[in-house]
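Observations on chain architecture
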Amino acid sequence: DTGVSQNPRHKITKRGQNVTFRCDPISEHNRLYWYRQTLGQGPEFLTYFQNEAQLEKSRLLSDRFSAERPKGSFSTLEIQRTEQGDSAMYLCASSFSSTYEQYFGPGTRLTVT
Amino acid sequence: QKEVEQNSGPLSVPEGAIASLNCTYSDRGSQSFFWYRQYSGKSPELIMSIYSNGDKEDGRFTAQLNKASQYVSLLIRDSQPSDSATYLCAGGVLNTGNQFYFGTGTSLTVIP
């Protein structure tokens, strides 16, 4: 078990550009979550999947954000037309649907200049 | 009112002492609660989960849940300098994302 992995670990982009992040969950886990965390705050829920189905999205999530998990394994999170306010750590977590205990990856730190 | 509230601290305890971290939640429908440890610049690491009223012990850690008072706590016995981190309380309704919340975290420093 290699844990949850995320790529890239760091991303610097210019405002207006699109970015895509990848998350590979723990292989046996069928649930995958995306969170965003800014300094001094706890992780903020963005969206989650059970297998390949996207079950929920944050009520506050802009339509510039989209996520996929096409084969129920890895997932991608895309941010279109990035804004400076998108600068944050983007965290992915996975879990079994039966235990609800989420295990986090190392995160992708996004800086929008 | 935030769904999950924690005292941001900082909390300082001497090495070997008991550190007590507290969390309250507002949604009476919340069913599951978790404590995560987060070192500076790192991602959260799961320490404890608790689903039922009472205490749950795992090594030096004890989680306590009181659903009537909507209160969750984490006790760390024999605190070590390596326990210095931010501790995040999380909880919510099972099988949801929008009804699952993290607190802002309590910063703990264990003084050698």
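Everything below is about the structure shown above.
Parameters at a glance
- Residues numbered from 1 in each chain as written.
- Chains lettered and ligands numbered in written order.
- Predicted model: local features only at pLDDT ≥ 70, side-chain atom pairs only at ≥ 80, totals over all residues.
- Heavy atoms only, no water.
- 1 Å grid on protein atoms, 1.4 Å probe; cavity = no way out; pocket = protein on both sides within 12 Å on 5 of 7 lines; lining within 4 Å.
- Points joined across faces, edges and corners; volume = space filled by probe spheres on them.
- Nonpolar A, V, L, I, M, F, W, Y, C, P; charged D, E, K, R; others polar.
- Salt bridge = Lys/Arg side-chain N within 4 Å of Asp/Glu carboxyl O.
- Helix = DSSP H or I, 4+ residues; strand = E, 2+ residues; numbered from the N terminus.
- Buried < 20%, exposed > 50% of the residue type's maximum accessible area, 1.4 Å probe, protein only.

Throughout the structure, instances matching the rule amount to one cavity of 30 Å³ or more. Reported here for the largest cavity is a volume of approximately 50 Å³. Along the walls of the largest cavity sit Arg-31, Tyr-33, Tyr-100 and Gln-102 of chain A together with Ser-32, Val-93, Leu-94, Asn-95, Thr-96 and Phe-100 of chain B, which together make up its complete lining. Taken together, the residues of the lining of the largest cavity break down into five nonpolar, four polar and one charged.

Any two side chains of opposite charge can pair if their charged atoms end up close together. Summed over all chains, the structure comprises seven salt bridges over all chains. In this structure, the salt-bridge partner of Arg-64 of chain A is Glu-83 of chain A, at a minimum N-O distance of 3.4 Å. Placement of the pair is Arg-64 of chain A in the loop between strand 6 (53-57) and strand 7 (65-68) and Glu-83 of chain A in the loop between strand 8 (75-79) and strand 9 (88-95), with a sequence separation of 19 residues. Taking the relative accessible area as the measure of exposure, Arg-64 of chain A reaches 8% and is therefore buried. For Glu-57 of chain B, the salt bridge goes to Arg-77 of chain B, with nearest N and O atoms at 3.5 Å. One end of the pair, Glu-57 of chain B, is in strand 6 (residues 54-58); the other, Arg-77 of chain B, is in the loop between strand 8 (71-76) and strand 9 (85-92), and 20 residues separate them in sequence. Its relative accessible area of 27% is what places Arg-77 of chain B among the partly exposed residues. Through salt bridges that share partners, Arg-64, Glu-83 and Asp-86 of chain A make up one connected network.

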